[in-house]
Amino acid sequence: MNRAYLDKLFTVVLAGVLAGLALAAAALPAALVFGLGVKNLMPYTALPEALRTPQPAQRSNLYASDGRTLITSFYVEDRVDVPVGEVAPVMRDAIVAAEDVRFYEHHGVDVRGVARAFTANRREGTRQGASTLTMQYVRNALAGDPRLTEEQRAAATEITVGRKIREMRYALTLERQVGKDEILGRYLNIAYFGAGAYGIAAASKRYFSTTPDRLTLAQAALLAGLVRSPADDPISGDADSARQRRAYVLDRMVETGRVGAADAEAAKATELALKPNATPNDCAAVSAEHNDWGFFCDWFTQWWNAQPAFGETADERQRTLRRGGWKIVSSLDPDVQAKASEQVREIYPETIARAAPTAVVQPGTGRVLAMAVNRAYGAAANPDGQQNYPNTVNQLVAGGGGITGYQAGSTFKLFALLAALESGLPLDTEFDAPRVYVTQYPVGAGPASCGGRWCPENANASWMDGDRDMWDAFGRSVNTYFAWLTERVGADRVVEMAQRLGIVFRAPADARMAREGAKSWGPFTLGVSATTPLDLAGAYAAVAAEGTWCRPTPVTSITDPSGRRVAAGNADCRQVLDTEVARAAADASRCPVGDQSMYRRCDGGTAEELAPGLRRPVAGKTGSSERNATETVVAFTPQLSVATIAANPDDPRDAVGGGVQKRQIAAVGRILAWSLRDEPVRDFVPPGQAVAFQHTSPRTGN
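On a predicted model such as this, the values are computed, not experimentally measured, just so you know.

Thoughts on the pattern of salt bridges
For the coordinates displayed, the defined rule picks out 40 salt bridges. Arg102 serves as the salt-bridge partner of Glu105, at 2.7 Å between the closest nitrogen and oxygen. For Glu105, a relative accessible area of 51% translates into the label exposed. By relative accessible area, Arg102 is classed as buried at 16%. Residue Arg583 is joined to Glu580 by a salt bridge in which the shortest nitrogen-to-oxygen separation is 3.3 Å. Here the residue Arg583 and the residue Glu580 both occupy positions in helix H25 (residues 579-589), the gap between them amounting to three residues, near one helical turn. Classification of Glu580 by relative accessible area gives partly exposed; the value is 24%. Three or more residues joined by partner-sharing salt bridges are found here, namely Arg139, Arg163, Lys164 and Glu167.

Focus: the packing of aromatic side chains
By the definition in use, this model includes 28 aromatic pairs. Ring pairing ties together the aromatic residues Phe74, Phe300, Trp303, Trp304, Phe310 and Trp326, which thus form one cluster. Above the face of the Trp674 ring, Lys339 is positioned so that its terminal group lies 4.8 Å from the ring centre. The aromatic ring of Trp674 is capped on one face by Arg677, whose charged end is 3.8 Å from the ring centroid.

What to know about the nonpolar core
One recurring pattern in soluble globular proteins: nonpolar side chains tend to sit buried together. Ranked by size, the top nonpolar core spans 106 residues in total, and within it Phe415 and Tyr481 carry the most contacts. Residues within four places of Phe415 in sequence aside, it is in contact with Val494, Met497, Ala498, Leu501, Ile503 and Ala539. Val82, Leu172, Phe208 and Ala221 belong to the second largest nonpolar core, which has 60 residues in total.

Topic: the sheet that holds strand E19 (residues 641-646)
In space, the five strands of this open sheet follow the order E5-E4-E19-E18-E17, with antiparallel pairing throughout. Each having just a single partner strand, strand E5 (368-372) and strand E17 (619-624) make up the two edges of the open sheet. Each neighbouring strand pair of the sheet contributes to a mean axis angle of 5°, computed without reference to strand direction. Looking at chain direction, strand E4 (residues 358-361) and E5 are connected through four bridges and run antiparallel. Residue Ala359 lies in a different strand from E5, and its bridge partner there is Met371.

Details of the sheet that holds strand E15 (residues 555-559)
The four strands lie next to each other as E2-E1-E3-E15, forming an open sheet whose pairing is mixed. At either end of the open sheet lies a strand with only one pairing partner, and these are strand E2 (70-74) and E15. Shown here is a sheet whose adjacent strand axes are inclined to one another by a mean of 15°, direction ignored.

Some points on the packing of helix H12 (residues 217-228) against helix H13 (residues 239-255)
Across the interface, H12 lies against H13 with an axial gap of 8 Å and an inter-helix angle of 105°. Comparing the axis directions of H12 and H13 gives the class roughly perpendicular. When H12 is examined against H13, the residues Leu217, Ala218, Ala221, Leu222, Ala224, Gly225 and Arg228 are found in contact with a partner set consisting of Ala242, Arg245, Arg246, Val249, Leu250 and Met253. A class-by-class count of the residues in the contact of H12 with H13 yields nine nonpolar, one polar and three charged.

Focus: the side chain of Asn61
Along the polypeptide, Asn61 turns up in strand E1 (residues 60-63). Look at Asn61 and you get buried, because its relative accessible area is 9%. Among the polar contacts made by the side chain of Asn61, one reaches the side chain of Ser73 at a distance of 2.7 Å. Contacts of Asn61, omitting those with residues within four sequence positions, involve Leu70, Thr72, Ser73, Val80, Trp326, Lys327 and Ile328.

Considerations on the environment of Leu672
Relative to the helices and strands, Leu672 is located in helix H27 (residues 660-675). Sequence separation between Leu672 and Leu614 is 58 residues, and the spatial gap between their C-alpha atoms is 7.6 Å. When neighbours within four sequence positions are excluded, Leu672 is seen to be in contact with Leu614, Val618, Ala635, Thr637, Leu640 and Val642.

Quick word on the pairing of E4
Every second residue of E4 is oriented toward a common face, with Thr358 and Val360 on one face and Ala359 and Val361 on the other, all of them buried. Between E4 and E5, which pair antiparallel and follow one another directly, the connecting turn spans six residues, one of which, Gly364, has a positive phi of 85°. Looking at chain direction, E4 and E19 are connected through four bridges and run antiparallel. Along E19, the bridge assignment pairs Val360 with Val642.

About the criteria used
- Residues numbered from 1 in each chain as written.
- Predicted model: local features only at pLDDT ≥ 70, side-chain atom pairs only at ≥ 80, totals over all residues.
- Heavy atoms only, no water.
- Salt bridge = Lys/Arg side-chain N within 4 Å of Asp/Glu carboxyl O.
- Buried < 20%, exposed > 50% of the residue type's maximum accessible area, 1.4 Å probe, protein only.
- Helix = DSSP H or I, 4+ residues; strand = E, 2+ residues; numbered from the N terminus.
- Phe/Tyr/Trp six-rings, centres within 6.5 Å; stacked < 30°, edge-to-face > 60°.
- Lys NZ or Arg CZ within 6 Å of the ring centre and 35° of its normal.
- Core = buried A, V, L, I, M, F, W, Y, C linked by side-chain atoms within 4.5 Å.
- Contact = heavy atoms within 4.5 Å.
- Pairing = 2+ DSSP bridges.
- Axes fitted to C-alpha atoms, helices over the stretch in contact; angles between N-to-C directions.
- Parallel < 35°, antiparallel > 145°, perpendicular 65-115°, else oblique.
- Nonpolar A, V, L, I, M, F, W, Y, C, P; charged D, E, K, R; others polar.
- Polar contact = N/O pair within 3.5 Å; in protein donor to acceptor, adjacent residues only side chain to side chain.

Structure representation (structure tokens):
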């Protein structure tokens, strides 16, 4: 560059500084008009990642299992990218007419526009800009790139000479590498249209409840006008300003020959005809008619926050969710959820402080089809002393966030049964169960203490005492049989079995006992540890799936904006039991619910009314904690596992009483019947004679 050009450049920069940085930003490029010209004066530069592979923040959508029913969305900016080919031509014409009529003629920086802005700014003292559509896109892309720091994003919009020069250089380089239509599409996807709508897809939905490919001339002109003045959005009530901006855009479209005068006048006369459609954001925005979905949604966010694939910390994972544009097809089945919510309210209505959290899990995949509880999901005020009634956002079904769970009573006998079978004991292992059995396990003072030793008692001596095997003892829930069985196999093995099948110790005292005192934790077999319906349904689902335990999951698939499925959405399953052990446990589990084992050894159960009403093979278990403080019912088929626990989450001293169990059994039966109404009847695979009748070495084949 020679001295004359440098003198001209210096003069303009000086004038710009004196007039203010805003004027300099527009004035500086004008000097180039009088010299070599933009293309030759400004060297091309390497593009930053934000422009080479743009990743504007996009909303993530959470759908029900059908992949179409929206549960809610998560976003910091309501945006979903669409290809430019899916935007109506009239919208493309409108945005070009409104923002950059010479878009298809310049190379990223409009020399004529720069000269015009420079002259106007010098003569009139105005702040007329000269940013092309490409330059605007560069600015927005840098300001919104989630990969940049806050400081880097702020630098993209600062009013300085350096920023303006950098913006022009990037624009020139971008247009050498990317076609005009692609740049236009990127611009339409990143622009802010007011009313919380980022990008043309969100704007089309927000204002007109339509899609970009179906926009009319009047609608397109209105949206194009809002880009320059998003604060004038008509949803907020400034309809007159919006009409004026629409008329301006239509006039510009006539001037540039993109639309006929008659069509423009007709569009001007058209009513705004707004059909506002706000995109829900987060679990609190789940529609009121499906308020019960909120608990599932809340658990989904817990699950997401625990996935290392989406970031190193929970905060980082939340940013990934709210900016990443994911399509998440959940496991929630709206029909099953509706039936579960209905039946939970048959156990307890919303008007009672006691709760009946319930989970429905699919064996073999871990997919959670429903999570129901007789509560309203929300943060509305509750009566004094009631944290979770009638409104709550606490996770009563899955636990976490301060909810440690509830005692599930004799449902934990399953883990002693499995540990015994795995050790080599057969199903027909007999023991003459007394009314009270004094064990070797030390306990403090209490009703189940005999000289400092744990001594459980059978709840119904005439029905439970006597010679029992595993089928009979599990069916009638014989406490003393399972206390004896736990001594034979070791309490630590029972605890380990529960952990293997997904029981999480959320209460600090339970976690400490499992870690440091499992060998002496005999009462664990009778369900003294807190658990949740979700953990319990998942554990029994592993038996239904012949020993395959799957981590409970709220998702069926997760895809990124390009349509690529990510592995974090896949089922996490593993074989945790020998197949024969699982089959034997399922066979014994048919006894409590009124079904019959393959070897015809069931003789009485605590929930015998369940099987006749279902009319298909079923297994399960009931449980009552001390003083009937809580009541639990679990039932499963080869296709489905359901668990419900009746408790008072705010007052453990409020014993629910044994009477509620009848309603729980009926509710679980109806949930199973409804959910499986179109499914084929499947039977359990019978266990072999060895696991049923023969002592063997430990059964850990797979």
